[in-house]
Amino acid sequence: MSQQSESLFTSALKTTLPVFLGYIPLGMAFGFLLEGAGYHWIYAPLMSIFIYAGAGQFIAVALLAAGAGLTEFGITTLLINLRHSFYGLSLLEKFSGVGKIKAYLIFALTDETYALLTTTKAPDEGSKGKFYFYITVLDHSYWILGSVLGAVLGSVLDLRLEGMTFVLTTLFVVLTIEQYHASRSRFPFMAAMGAGIISLMLFSPENMLLFSIFIGTLILIAHERFVQEDRDIGNIVDQNPDQEEIP
Amino acid sequence: MEDPAHLLVVTAVVAVATFATRAIPFVFFNTRAPPQILSTIEKNLPPMILLLLVIYCLKDVQWLCAPYGVPEIFTITAVMALHFWKRNAMLSIFAGTGLYMMLVQLDVFSILFG
C-alpha cells in the first residue's frame, strides 16, 4: 500500500470508528437472533455479506420464524429499504467518475454509510472513489464481523453493551450539525422536523422512516416550486437559489 | 432446524430486493440527467435525511411512561452543546455514547420518577 493510500485508509478508518462501535453490537444482535432461531452460524455472515441491511435482516429473521412465502420476503424487503432509493438520488453526482467500484458502492449503501459519504470530504479530491470505497468496505466488514461474533459467541458472552448502539444516534446528531454548518438553507431541517413528527404520529415505528422521507421530499418539492414561482414573479436579483433562507 | 436450501433462496430474494432499492436511481438516471426539480432537491436531501435518521433513532422511545425519553433528550442536548462548542466529532460522539450508556446502565434518572 502506497503512502498516500495508506493515509486515505487511516482517514477512512477514523471516520468509520463510530459505525464500528454501532455495527458490532447491532450485528451481534442479528447473529444472536438468527442462531437463536435455529440456524447454523454460517448463515449470519452469509446474509450480512449478500443482503447487508440492518432492519431488512432483522425482519427477514422474523419472517422466517413466521414461515412467510418468498413473495412476502421480496415485497417486505422492497418496502423496508425503499428509502435507499432516495439516498442514491443525492449521490448521483458524487458517485459519477468513481470507476469500477461504483456497483459495490451502490450495493453497500446503508443508512450509516450514506450519512458518512454525504458529510465527509475526501482528504484528497483526486482519489475520492478510493476514499468512498474504504469507508463503504470498512462499514460492511464491521457488520459482517458483528454478525459472526453474535452468532458464535453471543450466547456465552455477557457484555454490558446496553446503550452502546446509541453511538449511531449521536453519530447522526453530529453529522446533522455538520450539515447545518455546511448548508446555507435552513429549510431542509424544518422539513425534516415537520415530516418526522407527522410520521411518528401517523405511522408505525417500522414504517416511519420511509414515509417521513417521502413526506419530507414532497415538502422540499413544494417549497422549491413556491420559491421558484416567487422568483419568477418578483424577478428577484438574487441569482443563487440556495440563498433566500439566510437569516 | 430448517431446510438450508430454503434459507439460501430467501437470502437471495432479500439480497436482490435490497440491491434493487439501492440501484433504482442509478439505473433511472444513468443516461439522462435527472429533471431540474430533482437536482435542486437533491442538494437538500442529505440535511433532511440526516435529521430524519436522528428522529428515526428515537422511534422506539416511550415518551409517555418513565423515564419519558429523558436519557435520550438529555444526551442529545449534551452532544449538541458539546459539538457546537468544540466542533470535534469524535469527542462529541464518544462522550455522548459514554454518557448515555452510563445513564441507562446505572438507571440514573430513576430517582426522578420514584
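Small disclaimer: the values here were computed from a predicted structure and weren't measured. (Residues numbered from 1 in each chain as written. Chains lettered and ligands numbered in written order. Predicted model: local features only at pLDDT ≥ 70, side-chain atom pairs only at ≥ 80, totals over all residues. Heavy atoms only, no water.)

1. Details of the packing of helix H10 (residues 166–182) of chain A against helix H3 (residues 70–86) of chain B
Next, step 1: Their axes nearest at 10 Å, the elements H10(A) and H3(B) cross at an angle of 40°. Classified by the interaxial angle, the pair formed by H10(A) and H3(B) is oblique. By crossing handedness, the relation of H10(A) to H3(B) is classed as right-handed. Residue-level inspection shows A:Phe166, A:Thr169, A:Thr170, A:Val173, A:Val174, A:Ile177, A:Glu178, A:Tyr180 and A:His181 of H10(A) in contact with H3(B), the latter providing B:Glu72, B:Thr75, B:Ile76, B:Val79, B:Met80, B:His83 and B:Phe84. (Axes fitted to C-alpha atoms, helices over the stretch in contact; angles between N-to-C directions. Helix = DSSP H or I, 4+ residues; strand = E, 2+ residues; numbered from the N terminus. Parallel < 35°, antiparallel > 145°, perpendicular 65-115°, else oblique. Left-handed = near helix turned anticlockwise from the far one by under 90°. Contact = heavy atoms within 4.5 Å.)

2. Brief notes about the nonpolar core
Among soluble globular proteins, nonpolar side chains are generally buried collectively.
Next, step 1: A:Tyr87, A:Phe95, B:Met48 and B:Ile49 are the most contacted members of the largest nonpolar core, which totals 69 residues.
Next, step 2: If we skip the residues at most four places from it in the chain, A:Phe95 touches A:Lys102, A:Leu105, A:Ile106, A:Leu117, A:Tyr132 and B:Phe26.
Next, step 3: A:Tyr43, A:Val61, A:Ala151 and B:Val10 belong to the second largest nonpolar core, which has 19 residues in total. (Core = buried A, V, L, I, M, F, W, Y, C linked by side-chain atoms within 4.5 Å. Buried < 20%, exposed > 50% of the residue type's maximum accessible area, 1.4 Å probe, protein only.)

3. Digging into the state of the cysteines
All names here are of chain B.
Next, step 1: With the rule as written, the count across this model stands at zero disulfides over all chains.
Next, step 2: Cys-57 forms no disulfide, and the closest cysteine sulfur to it belongs to Cys-65, at a distance of 19 Å.
Next, step 3: A relative accessible area of 28% means that Cys-57 is categorised as partly exposed. (Disulfide = S-S within 2.5 Å.)

4. Notes on the interface of chain B and chain A
Next, step 1: Of the residues lining the interface, 66 residues belong to chain B; the matching set on chain A comes to 88 residues.
Next, step 2: It is B:Leu7, B:Arg22 and B:Phe26 in chain B that bury the most area against chain A; as a group they hold 11% of the surface buried on that side.
Next, step 3: At the boundary of chain B and chain A, one finds one salt bridge.
Next, step 4: Salt-bridge contacts for A:Glu178 lead to B:Arg87; the nearest nitrogen and oxygen are separated by 2.9 Å.
Next, step 5: Among the elements of the structure, helix H1 (4–28), helix H2 (36–57), H3 and helix H4 (89–105) of chain B are those that each provide at least two residues to the side of chain B that touches chain A.
Next, step 6: Within the side of chain B that touches chain A, the residues separate by chemical class into 46 nonpolar, twelve polar and eight charged. (Buried area = accessible area lost by both parts, 1.4 Å probe. Salt bridge = Lys/Arg side-chain N within 4 Å of Asp/Glu carboxyl O. Nonpolar A, V, L, I, M, F, W, Y, C, P; charged D, E, K, R; others polar.)

5. Notes on the confidence of the model for chain A
Next, step 1: Taken as a whole, chain A shows an average pLDDT of 87; of its residues, 87% reach a score of 70 or greater.
Next, step 2: Here residues 236–247 of chain A is modelled with pLDDT under 50, and outside its nearest four sequence neighbours on either side it reaches 20 contacts, counting other chains as well. (pLDDT = per-residue confidence, 0-100.)

6. Regarding the packing of aromatic side chains
Next, step 1: In the structure shown here, the tally under the stated rule is 18 aromatic pairs over all chains.
Next, step 2: With a centroid separation of 6.2 Å and an interplanar angle of 35°, the aromatic rings of A:Tyr104 and A:Phe107 are classed as tilted. With A:Tyr104 and A:Phe107 both in helix H7 (residues 102–107) and three residues apart, the pair spans about one turn of that helix.
Next, step 3: An aromatic cluster of three or more residues is present, and its members are A:Phe9, A:Tyr104, A:Phe107, A:Phe133, A:Tyr134 and B:Phe19.
Next, step 4: A cation over a ring is seen here: A:Arg186 above A:Tyr180, with NZ or CZ 3.9 Å from the ring centre.
Next, step 5: When the ring centre of B:Tyr56 is taken as reference, the NZ or CZ atom of B:Lys59 above it lies at 4.6 Å. (Phe/Tyr/Trp six-rings, centres within 6.5 Å; stacked < 30°, edge-to-face > 60°. Lys NZ or Arg CZ within 6 Å of the ring centre and 35° of its normal.)

7. A look at the pattern of salt bridges
Next, step 1: With the rule as written, the count across this model stands at three salt bridges over all chains.
Next, step 2: We note a salt bridge from B:Asp60 to B:Lys59, for which the minimum N-O separation is 3.1 Å.

8. Observations concerning the UniProt feature "transmembrane region" (unreviewed entry) in chain B
Next, step 1: Under the present numbering, the feature "transmembrane region" (unreviewed entry) in UniProt falls on residues 6–29, 49–70 and 90–113 of chain B.
Next, step 2: Within residues 49–70 of chain B, the helical portion is 45% and the strand portion 0%, while the C-alpha atoms at the span's ends are 24 Å from each other. (UniProt positions renumbered as here; feature names shortened; annotations may be inferred.)

9. Remarks on empty space enclosed by the protein
Residue and element names in this part refer to chain A.
Next, step 1: In the structure shown here, the tally under the stated rule is one cavity of 30 Å³ or more.
Next, step 2: In this structure, the largest cavity spans a volume of roughly 40 Å³.
Next, step 3: Together, Gly-56, Ile-59, Ala-60, Leu-63, Thr-76, Thr-77 and Ile-80 line the largest cavity.
Next, step 4: Of all the elements in the fold, those that place two or more residues in the lining of the largest cavity are helix H3 (54–66) and helix H4 (70–81).
Next, step 5: Classifying every residue of the lining of the largest cavity gives four nonpolar, three polar and no charged. (1 Å grid on protein atoms, 1.4 Å probe; cavity = no way out; pocket = protein on both sides within 12 Å on 5 of 7 lines; lining within 4 Å. Points joined across faces, edges and corners; volume = space filled by probe spheres on them.)

10. A few points about the layout of surface pockets
Next, step 1: Roughly 1,000 Å³ of volume is contained in the largest pocket.
Next, step 2: Forming the boundary of the largest pocket are 39 residues, of which A:Leu26, B:Tyr56, B:Cys57, B:Lys59 and B:Asp60 lie nearest the centre.
Next, step 3: Taken together, the residues of the lining of the largest pocket sort by class into 22 nonpolar, eight polar and nine charged.
Next, step 4: As a volume, the second largest pocket reaches approximately 810 Å³.

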